[in-house]
Amino acid sequence: GESVGLHLPTLSVQEGDNSIINCAYSNSASDYFIWYKQESGKGPQFIIDIRSNMDKRQGQRVTVLLNKTVKHLSLQIAATQPGDSAVYFCAEMAGGSNYKLTFGKGTLLTVNP
Amino acid sequence: SAVISQKPSRDICQRGTSLTIQCQVDSQVTMMFWYRQQPGQSLTLIATANQGSEATYESGFVIDKFPISRPNLTFSTLTVSNMSPEDSSIYLCSVQRIAGGPKETQYFGPGTRLLVL
């Protein structure tokens, strides 16, 4: 089936810098996207979502950008903190899929103090 | 979001045995799902747990290996049957359609870490 992939498997940043995590998706029918954060030993934690009728959505220190033309999704984290160190997954959902999520491979974000 | 708990949180099992994992939510939800996350990998959907009817399995997963129950709107179980070392994974339940929340958003439990020897 179609899959969601990530450009970078690992990302290392300095504390206080901004982080950008990218995700490419291939299913043009996907109309809902979620970013999750998974810390070691824990389940995925919802960060932010975006629907396909939007191209940008902001949360607390996080922004998700959606470019449907090139099927690209990104998560921006402002002023990255050591507590942001985790694996980040993007996930997509296609209309008519009975609410099934397809996950990308994940990016490991390491924040250096 | 809802509070989702899973039992056990981790277990070490012998091959050929079976383990039943429980998922409990503190509020009624419409949809419940079970995922597998193999070591260092992403999440793969096993099945949708349907309340009052048989679960809907994804390609590559069968009921005989992963029987699922969902007796009500707050509880589900996943059994990993006749285990082999290849079943060593994290098993996660997720829930959707929490009252008052976006209908598509899925929230995950803490996971059950299974090691099969």
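Draft legend 1. Molecular detail of the packing of aromatic side chains. All chains considered together, the criterion is met by 10 aromatic pairs over all chains. Each ring, one from phenylalanine 46 of chain A and one from tyrosine 107 of chain B, has its centre 5.7 Å from the other, and the planes form 55 degrees; the classification is tilted. In this pair, phenylalanine 46 of chain A is assigned in strand S5 (residues 45-51) and tyrosine 107 of chain B in strand S10 (residues 106-108), connecting two distinct chains. For tyrosine 107 of chain B, a relative accessible area of 18% corresponds to the buried category. Both rings, one in phenylalanine 66 of chain B and one in tyrosine 91 of chain B, keep their centres 6.4 Å apart while their planes meet at 45 degrees; by these two values the pair is tilted. In this pair, phenylalanine 66 of chain B sits in the loop between strand S6 (56-57) and strand S7 (68-72) while tyrosine 91 of chain B sits in strand S9 (residues 89-98), placing the two residues 25 residues apart along the sequence. Of the two residues examined, phenylalanine 66 of chain B and tyrosine 91 of chain B, each falls in the buried class.

Draft legend 2. Main features of the state of the cysteines. Under the definition given, this model contains two disulfides over all chains. For cysteine 23 of chain A, the disulfide goes to cysteine 90 of chain A, at an S-S distance of 1.9 Å. Every disulfide takes its handedness from the sign of the S-S torsion; for cysteine 23 of chain A and cysteine 90 of chain A that torsion is 55 degrees, giving right-handed. Highlighted residues: cysteine 23 of chain A in strand S3 (residues 19-25) and cysteine 90 of chain A in strand S9 (residues 86-94), separated in sequence by 67 residues. Judged on exposure class, the residue cysteine 23 of chain A and its partner cysteine 90 of chain A are both buried. Bridging cysteine 23 of chain B to cysteine 93 of chain B, the disulfide has an S-S length of 2.0 Å. Taking the sign of the S-S torsion, about 65 degrees here, the bridge from cysteine 23 of chain B to cysteine 93 of chain B comes out right-handed. Taken together, the residues span a long stretch of sequence, with cysteine 23 of chain B in strand S3 (residues 19-25) and cysteine 93 of chain B in strand S9 at a distance of 70 residues. Here cysteine 13 of chain B is not disulfide-linked; the sulfur of cysteine 93 of chain B is the nearest cysteine sulfur, at 18 Å. Taking relative accessible area as the criterion, cysteine 13 of chain B reaches 8% and is therefore assigned buried.

Draft legend 3. Highlighting the interface of chain A and chain B. Listed per partner, the contact involves 20 residues of chain A and 22 residues of chain B. Note on chain A versus chain B: buried area summed over both sides is about 1,600 Å², and carbon and sulfur give 54% of it. Contact with chain B buries surface across chain A, with Tyr99, Lys100 and Phe103 of chain A losing the most and accounting together for 34% of the total. Our count for the chain A to chain B interface comes out at two salt bridges.

Draft legend 4. Just the side chain of arginine 113 of chain B, in detail. With respect to the helices, strands and loops of the structure, arginine 113 of chain B is situated in strand S11 (residues 112-116). Buried arginine 113 of chain B, no salt bridge; nearest opposite-charge side chain is glutamate 39 of chain A, N-O distance 10 Å. At 2.9 Å, the side chain of arginine 113 of chain B forms a polar contact with the backbone oxygen of glycine 41 of chain A. At a separation of 3.1 Å, a polar atom in the side chain of arginine 113 of chain B contacts the main-chain carbonyl oxygen of proline 110 of chain B. Residues in contact with arginine 113 of chain B, not counting those within four places in the same chain, are Gly41, Lys42 and Gly43 of chain A together with Ser9, Arg10, Asp11, Ser89 and Ile90 of chain B.

Draft legend 5. Inspection of a nonpolar patch on the surface at higher detail. Residue and element names in this part refer to chain B. On the surface, a cluster of nonpolar side chains totalling about 290 Å² of accessible area is made up of Ile12, Leu115 and Leu117. Assignment of secondary structure puts isoleucine 12 in strand S2 (residues 10-13). You can call isoleucine 12 exposed: its relative accessible area is 56%.

Criteria and cut-off values
- Residues numbered from 1 in each chain as written.
- Chains lettered and ligands numbered in written order.
- Predicted model: local features only at pLDDT ≥ 70, side-chain atom pairs only at ≥ 80, totals over all residues.
- Heavy atoms only, no water.
- Phe/Tyr/Trp six-rings, centres within 6.5 Å; stacked < 30°, edge-to-face > 60°.
- Helix = DSSP H or I, 4+ residues; strand = E, 2+ residues; numbered from the N terminus.
- Buried < 20%, exposed > 50% of the residue type's maximum accessible area, 1.4 Å probe, protein only.
- Disulfide = S-S within 2.5 Å.
- Contact = heavy atoms within 4.5 Å.
- Buried area = accessible area lost by both parts, 1.4 Å probe.
- Salt bridge = Lys/Arg side-chain N within 4 Å of Asp/Glu carboxyl O.
- Lys, Arg positive; Asp, Glu negative; His and termini not counted.
- Polar contact = N/O pair within 3.5 Å; in protein donor to acceptor, adjacent residues only side chain to side chain.
- Patch = residues over 30% accessible without salt bridge, like charges linked within 9 Å, V, L, I, M, F, W, Y side chains within 5 Å.
- Areas by Shrake-Rupley, 256 points an atom, 1.4 Å probe, with all protein chains shown as cover.

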